Amino acid sequence: MITGNNNSNSSVIQKDQWWDILSRLIDVIHINIFIIDADGRVLLPPDMSRYGGQLLTDPSLGFGLTIGEPEFLKNFHRQGYFWESNNRYDLKMFMIPLVYRSEIVANAIVGPVILTRRLDREEYKKSAKSYRSDVNIALDLLNEIRVVSNVMMNSILELLDEITKTNMQLLERRRSMDKNQIDSMAKEINTSLRQDEILV
């Protein structure tokens, strides 16, 4: 589990700026992304209208993991370079730490996703019934979730990791830079993001 030491540092996450970046990425990769602080509290919520966002916020749907609760981070375990959570309905989520001045101040959560293949529809129905969830709503939400290969998921995580690192590095340097330097770096990030959108 990844946690930080200073909750006040989560204030360095500028929500408007991050939401602009994340919403563009969500549009491209068709996977939800949201940000929690180092103790699991929500800083930027998932998009509730698509890609399984409602599963994360409505306990009645049986996902078994609600964002904003202290137990949320405990579900993540190190898998190679990134952190992974295995969830009900055979869904996966991944975590990318956001580091500011050598300290983890927040975490970007990517998912839920389905790795390799969907389960049979009847299996989803059986699971939803066992969790006492509305079967039709659960099936509709599960159909929104993207299926990706392990290779593609790793590529997406590497892309997101690079973008988040660049953004945090820009934040660290901002106080010692003049406006022209900041604008120049911001343009470089936007150019890189557009190129990565095309590749994904």
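All values derive from a computational prediction rather than experimental measurement. (Residues numbered from 1 in each chain as written. Predicted model: local features only at pLDDT ≥ 70, side-chain atom pairs only at ≥ 80, totals over all residues. Heavy atoms only, no water.)

A. Quick peek at the overall build of the protein. Summing up its helical and strand segments, the protein has six helices and seven strands in all. Ordered by position from N to C terminus, the α and β elements of the protein give α-β-β-α-β-β-β-β-α-α-β-α-α. Per-residue burial for the protein yields a buried fraction of 48% across its 200 residues. In the protein, 63% of the contacts between residues at least 6 apart in sequence involve partners at least 24 apart. Here the protein displays about 10400 Å² of accessible surface, and carbon together with sulfur accounts for 46% of that area. (Helix = DSSP H or I, 4+ residues; strand = E, 2+ residues; numbered from the N terminus. Buried < 20%, exposed > 50% of the residue type's maximum accessible area, 1.4 Å probe, protein only. Contact = heavy atoms within 4.5 Å. Areas by Shrake-Rupley, 256 points an atom, 1.4 Å probe, with all protein chains shown as cover.)

B. Inspection of the side chain of Asp-161 at higher detail. Locating Asp-161 in the fold gives a position in helix 5 (residues 150-174). Leaving out residues up to four positions away in the same chain, Asp-161 has contacts with Tyr-81, Phe-82 and Ile-96.

C. Fine view of the packing of helix 3 (residues 121-130) against helix 4 (residues 135-144). Viewed as axis vectors pointing N to C, helix 3 and helix 4 meet at an angle of 130 degrees, and their least axial separation amounts to 9 Å. Relative to helix 4, the element helix 3 is oriented oblique. Crossing handedness for the pair helix 3 and helix 4: right-handed. Residue-level inspection shows Arg-121, Tyr-124, Lys-125, Ala-128 and Lys-129 of helix 3 in contact with helix 4, the latter providing Val-135, Ala-138, Leu-139, Leu-142 and Asn-143. Partitioned by chemical class, the residues of the contact of helix 3 with helix 4 number six nonpolar, one polar and three charged. (Axes fitted to C-alpha atoms, helices over the stretch in contact; angles between N-to-C directions. Parallel < 35°, antiparallel > 145°, perpendicular 65-115°, else oblique. Left-handed = near helix turned anticlockwise from the far one by under 90°. Nonpolar A, V, L, I, M, F, W, Y, C, P; charged D, E, K, R; others polar.)

D. Highlighting the environment of Trp-83. By the element assignment, Trp-83 lies in strand 4 (residues 82-87). Trp-83 gets classed as buried once you look at its relative accessible area, which sits at 11%. With twelve residues separating them in the primary sequence, Trp-83 and Met-95 have C-alpha atoms 5.0 Å apart.

By themselves, these observations are geometric and do not establish any function.
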